[in-house]
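Now for the letters of each chain:
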Amino acid sequence: MATISLCMIVRDEEAVLDRCLASAAALADEIVIVDTGSADRTKEIAGRYTDRIYDFAWIDDFSAARNFSFSKGTKDYLMWLDADDVIEPGDLTAFLALKQELTCQTDLVMSPYHTALDSEGQPLFTYYRERLLRREAGFLWQGAVHEAIPPAGRIVYTEAAVTHRKERTADPDRNLRIFRKLLAAGKRLDPREQFYYAQELYGHKEYRQAKEVLLTFLREDEGWVENKIEGCRHLAFCYLAEGRRDQALAALFASFRYDLPRAEILCEIGQLFLEEGALQQAIYWYKQALSVHRQDATGAFVLPDCYNYLPSIQLCVCYDRMGNRALAEEYNEQAGRYKPLDKVYLHNKAYFSALRTEKKPPS
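Presented here is an overview of the structure given in this document. Within each chain, residues carry numbers counting from 1 in the order of the written sequence. Given that this is a predicted model, residues contribute local features only at a pLDDT of at least 70 and side-chain atom pairs are listed and counted only at 80 or more, while totals for whole chains, interfaces and linings are drawn from all residues. Side-chain descriptors were evaluated using all non-hydrogen atoms of the structure, hydrogens and water having been removed beforehand.

1. Structural notes on the nonpolar core
One broad trend across soluble globular proteins is that nonpolar side chains are buried collectively. Quick note on the threshold: Nonpolar cores were defined as sets of buried Ala, Val, Leu, Ile, Met, Phe, Trp, Tyr and Cys residues, with membership established by side-chain atoms within 4.5 Å. For every residue, the accessible area obtained with a 1.4 Å probe (protein chains only) is divided by the maximum for its type, and the residue is called buried under 20%, exposed over 50%, and partly exposed between those limits. Secondary structure counts use DSSP, requiring at least four H or I residues in a row for a helix and at least two E residues in a row for a strand, with both numbered from the N terminus.
Leu 6, Met 8, Met 79, Leu 81, Ile 87, Phe 95 and Leu 132 are the most contacted members of the largest nonpolar core, which totals 105 residues. Looking at this core, the element that brings in the most residues is helix H10 (residues 263-275), giving eight residues.

2. Here we look at the layout of surface pockets
Applicable threshold: A 1.4 Å probe that fits into a set of points on a 1 Å grid over the protein atoms alone but cannot get out defines a cavity; an open set with protein on both sides within 12 Å along at least five of seven lines defines a pocket, and lining residues are those with an atom within 4 Å of a point. Grid points are joined across faces, edges and corners, and a volume is the space filled by probe spheres set on the points. Residues were grouped as follows: Ala, Val, Leu, Ile, Met, Phe, Trp, Tyr, Cys and Pro as nonpolar; Asp, Glu, Lys and Arg as charged; and all remaining residues, including Gly, as polar.
Computed from the structure, the second largest pocket encloses a volume of approximately 150 Å³. Considering the residues around the second largest pocket, the lining is formed by His 114, Asp 118, Gln 122, Pro 123, Arg 294, Pro 304, Asp 305, Asn 308, Tyr 309, Tyr 338 and Lys 339. Considering only residue class, the lining of the second largest pocket consists of four nonpolar, three polar and four charged.

3. A short note on the state of the cysteines
Here is the rule we go by: Any pair of cysteine sulfurs within 2.5 Å is marked as a disulfide.
In total, this model carries zero disulfides according to the counting rule given. Cys 267 takes part in no disulfide bond, and the closest cysteine sulfur, belonging to Cys 306, lies 4.1 Å away. A residue is classified by how much of its surface remains accessible, and Cys 267, at 4% relative accessible area, is buried. On the basis of relative accessibility, which here comes to 6%, the residue Cys 306 falls in the buried class.

4. Focus: the environment of Ala 28
Using the following cut-off: Residues count as neighbours in contact if any of their non-hydrogen atoms are within 4.5 Å of one another.
Relative to the helices and strands, Ala 28 is located in the loop between helix H1 (17-24) and strand S2 (30-35). A relative accessible area of 17% places Ala 28 in the buried class. As a C-alpha pair, Ala 28 and Lys 187 span 159 residues in sequence and 38 Å in three-dimensional space. Leave out the neighbours within four places in its chain, and Ala 28 touches Ile 4 and Leu 6.

5. Some details on the packing of helix H5 (residues 174-184) against helix H6 (residues 191-203)
When two helices pack together, their arrangement is captured by the angle between the axes and the distance separating the axes. Inclusion rule: To get an axis, a line is fitted to the C-alpha atoms, and for a helix only the part in contact is used. The angle between two axes follows their N-to-C directions and goes from 0 to 180 degrees. Every angle not falling under 35 degrees, over 145, or within 65 to 115 is termed oblique; those three ranges are roughly parallel, roughly antiparallel and roughly perpendicular. Here a crossing is called left-handed whenever its near helix is offset anticlockwise from the far helix by less than a right angle, and right-handed whenever the offset is clockwise.
Running from N to C, H5 and H6 point in directions that differ by 130 degrees, and their axes come no closer than 9 Å. With respect to each other, H5 and H6 are oriented oblique. Between H5 and H6 the crossing geometry is left-handed. Only Glu 193, Tyr 196, Tyr 197, Glu 200 and Leu 201 of H6 make contact with H5, whose side of the interface consists of Asn 175, Leu 176, Phe 179, Arg 180 and Leu 183. Of the residues contributing to the contact of H5 with H6, the split by class is six nonpolar, one polar and three charged.

The structure is reproduced here in C-alpha cells:
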C-alpha cells in the first residue's frame, strides 16, 4: 500500500482548517502544514493533527509556497488540499481504496475538484486536478497565481473527488494584484497566465482589457485547447457586457475551431437566441447540448447542468412560449429527473398542473 503526505499551505484558516484536516486525516500518513503568515489560531489547530508545521514568508507566489510544502513531504505520494476543501465520506472511501492499489508505476493521480455546489449538494462546477503526485518523480508547481503541475508520466484518473466549501471571501483583488506586479516587473505572461489574467480582469468588470488579453491569447498558436474554448466563452461575456451581441455569438462559434462543441458553449448560444425570441434556433442549440457527451477527463471546466438539467428546463420554456404545453411539460419532467428538488422544476410542475385543472369542464 502506498503512503501519502498531505502538504498544505495556509494562512488565517481557523474557521475551516479543522474541518479539512478531520476529513482527510484517515487518508494521510503524514501531514505537512506550511503557514504563510497567520495571525489567528491556524497553527494551534494544525498542531492537533501534526507537529510538522513550517513557516514560509509570503512572496506573492503560490507555486513557491506549494513547492516548499512538497519539499517537506517524505511519503510515496504528495497530496495537496486547500484549507476550505473537504473530502466527503464517500470520496474518502474511494481514496482509501485507491491508496491500497497505488504502486510506483503511477506518477500522478487526477481527481475531480468540485468547486461549486447547488442547493442539493450536487456539483455545479467541476474539473479534474492533479491531486496525488509520486514524490520521487520530482513534480514542481508552476505559476505565481492559479498554480498548477502539468500532468506527465503515468497518469491514473479516479472518481474520488475533493469538494471546495468556501466559508469566507478571500481578498478579491489579490490575484489581479499579483498579475499586475508581474507585468510591472517586465514578465511576459505565458498563454496559461494570459487566460487566467483575463479571467481576473473580467471578474473585476474590466471588460475592455479582459477582451484585449483574451484576443491576444486566442491568436497565439500556443495554449491548451480547453483554455482556448473557455477563453471564447469569456470573450463572449466581455462582448455581452459591452452590449455587442453579434460579436458575442461569433466568439462562441469560434470555439468550434478547437474541438467538437461543448455543452457549456451550446447553452450560451441557446440563451442568446432565447433572449431575442428566436425560439426555433434556441430549441436547436439546447437540443444539441443534450446530445453532447461530457468529457470530464480532459481537465476542462465542466458545468454539469449544461449537459442535462439546464437545456431541459430551457426547452420547457421555449415550448411553453410557443404554446406547445405538452412538450414543455415533458421537458420539465426531464429536468426534474436530474434535479427533483429544484425550485424551478417544482414551480413549473405546479404551473402545468394548474393549467390542466383550468381546462377541466365544470361538473
